[in-house]
Structures are given as C-alpha cells and as structure tokens.
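This is what each chain is made of:
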Amino acid sequence: MTISVLEQRRIEAAFAKGIFEEMAATLGEEQATEILSRAIVKLARQAGAAIAATTEQPSIQHFADAMERWKLDDALRIEVLRQDETHYDFNVTRCRYAETYREMGLGKLGAVLSCNRDGALCEGYDPKLKLERTQTIMGGATHCNFRYTREA
C-alpha cells in the first residue's frame, strides 16, 4: 500500500515532534531546531537522488512529473506559470502541509519539516537544478513562489 506524501509527512511530523521536544529540553530549542533541520536536509537530498535514479537523464519534465506525488490528496494546489527545458515556475496557492503542521501544533517547525526540504531535494536530484523562492504560505504569505531553473 502506498500512502500519499501528505500522510507520510503527518506520520513523520508526529514522530519528529516527540524527538524535537526531548532534544529541546536537553539542548535548548535553537540547537534542537538546527539538528532537526540538518537531518531533514540530508533526507531531502537522498530523496532527490532517489528520484533522479528513476531516469537516465534528469530534466525539468521528469522533475515536474515526479512532483505530482506531492499534490496527491489535494495536498498542494499550484498554478504553473512557466515550464520549458530550463524553467519550472509555479505558485502554490494552497498548502495542506502547512495546514497539517499548524493543526498538529507544529506551525513553528513547519518550515523546518517541509519548506526546508525543497532546495535540498532539487540539489539531490540534479546539481544543475536551482530553486529560488522568496515566500511561503508557511511563513505567512498568500502563496509560495517556486522558481526552478536548470543550468545548461
């Protein structure tokens, strides 16, 4: 049985919350956040590499196709602005990941648990793929602005 990424993140967040609380009690919130962030980034790079391993040649199209998993269960609503050989630009207009973390009392850690993964995922997928994003729903913006560029 395959679960959606949203459900996977909900399970991971429940587990991470307990570990984070223990680390914060021992090390302090700042150091616990740094440790959790490093671990999430490492896992995201590994996930990106795993996606890349499913194709002979990384590409914007393959990356965009792989991102469809993140939208299952109406987890993300996106508005694609541009997609070609070197660009994949879109806005996320609804993010159930952010909603889920807030419902779980993890709004403060939501960016670490979710948004923090995005750049690292594309690094693991293809070092030529770069993400520029200046705002997120998790951070209080009306939308997330994802701008992926693949260098030649």
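Details of the overall build of the protein
Line of reasoning, step 1. If you tally the helices and strands in the protein, you get 5 helices and 4 strands.
Line of reasoning, step 2. Counting from the amino terminus, the protein carries its helices and strands in the arrangement α-α-α-β-β-α-α-β-β.
Line of reasoning, step 3. Relative to the compact-globule value of 15 Å for 152 residues, the protein shows a C-alpha radius of gyration of 16 Å, a close match.
Line of reasoning, step 4. Projected onto its principal axes, the C-alpha coordinates of the protein cover approximately 50 × 35 × 30 Å.
Line of reasoning, step 5. Counting over 152 residues, the protein shows a buried share of 40%.
Line of reasoning, step 6. Accessible surface for the protein amounts to roughly 8,500 Å². Of this, 52% is attributable to carbon and sulfur atoms.
Line of reasoning, step 7. Here the protein holds 20 positive side-chain charges and 23 negative ones, and the gap between their average locations is 1 Å.

What about the packing of helix α2 (residues 29-52) against helix α5 (residues 110-125)?
To characterise two packed helices, one gives the angle between the axes of the helices and the distance between these axes.
Line of reasoning, step 1. α5 packs onto α2 with a crossing angle of 40 degrees between their chain directions and a minimal axis gap of 7 Å. Classified by the angle between their axes, α2 and α5 sit oblique to one another. The handedness of the crossing between α2 and α5 is right-handed. From α2, Thr33, Leu36, Ser37, Ile40, Val41, Ala44, Arg45, Ala47, Gly48, Ala49, Ile51 and Ala52 reach across to α5, where they touch Val112, Leu113, Asn116, Arg117, Ala120, Leu121, Glu123, Gly124 and Tyr125.
Line of reasoning, step 2. Among the residues forming the contact of α2 with α5, the class breakdown is 13 nonpolar, 5 polar and 3 charged.

Focus on the nonpolar core
Line of reasoning, step 1. Judged by nonpolar contacts, the single largest core of 40 residues is most densely connected at Leu36, Phe63, Trp70, Val92, Tyr97, Leu113 and Tyr148.
Line of reasoning, step 2. Elements with a minimum of two residues in this core: α1 (5-27), α2, α3 (60-66), β2 (87-95), α4 (96-103), α5 and β4 (144-150).

Calculation notes
Residues numbered from 1 in each chain as written. Predicted model: local features only at pLDDT ≥ 70, side-chain atom pairs only at ≥ 80, totals over all residues. Heavy atoms only, no water. Helix = DSSP H or I, 4+ residues; strand = E, 2+ residues; numbered from the N terminus. Rg over C-alpha atoms; globule rule 2.2 N^0.38 Å. Buried < 20%, exposed > 50% of the residue type's maximum accessible area, 1.4 Å probe, protein only. Areas by Shrake-Rupley, 256 points an atom, 1.4 Å probe, with all protein chains shown as cover. Lys, Arg positive; Asp, Glu negative; His and termini not counted. Charge placed at Lys NZ, Arg CZ, Asp CG, Glu CD. Axes fitted to C-alpha atoms, helices over the stretch in contact; angles between N-to-C directions. Parallel < 35°, antiparallel > 145°, perpendicular 65-115°, else oblique. Left-handed = near helix turned anticlockwise from the far one by under 90°. Contact = heavy atoms within 4.5 Å. Nonpolar A, V, L, I, M, F, W, Y, C, P; charged D, E, K, R; others polar. Core = buried A, V, L, I, M, F, W, Y, C linked by side-chain atoms within 4.5 Å.

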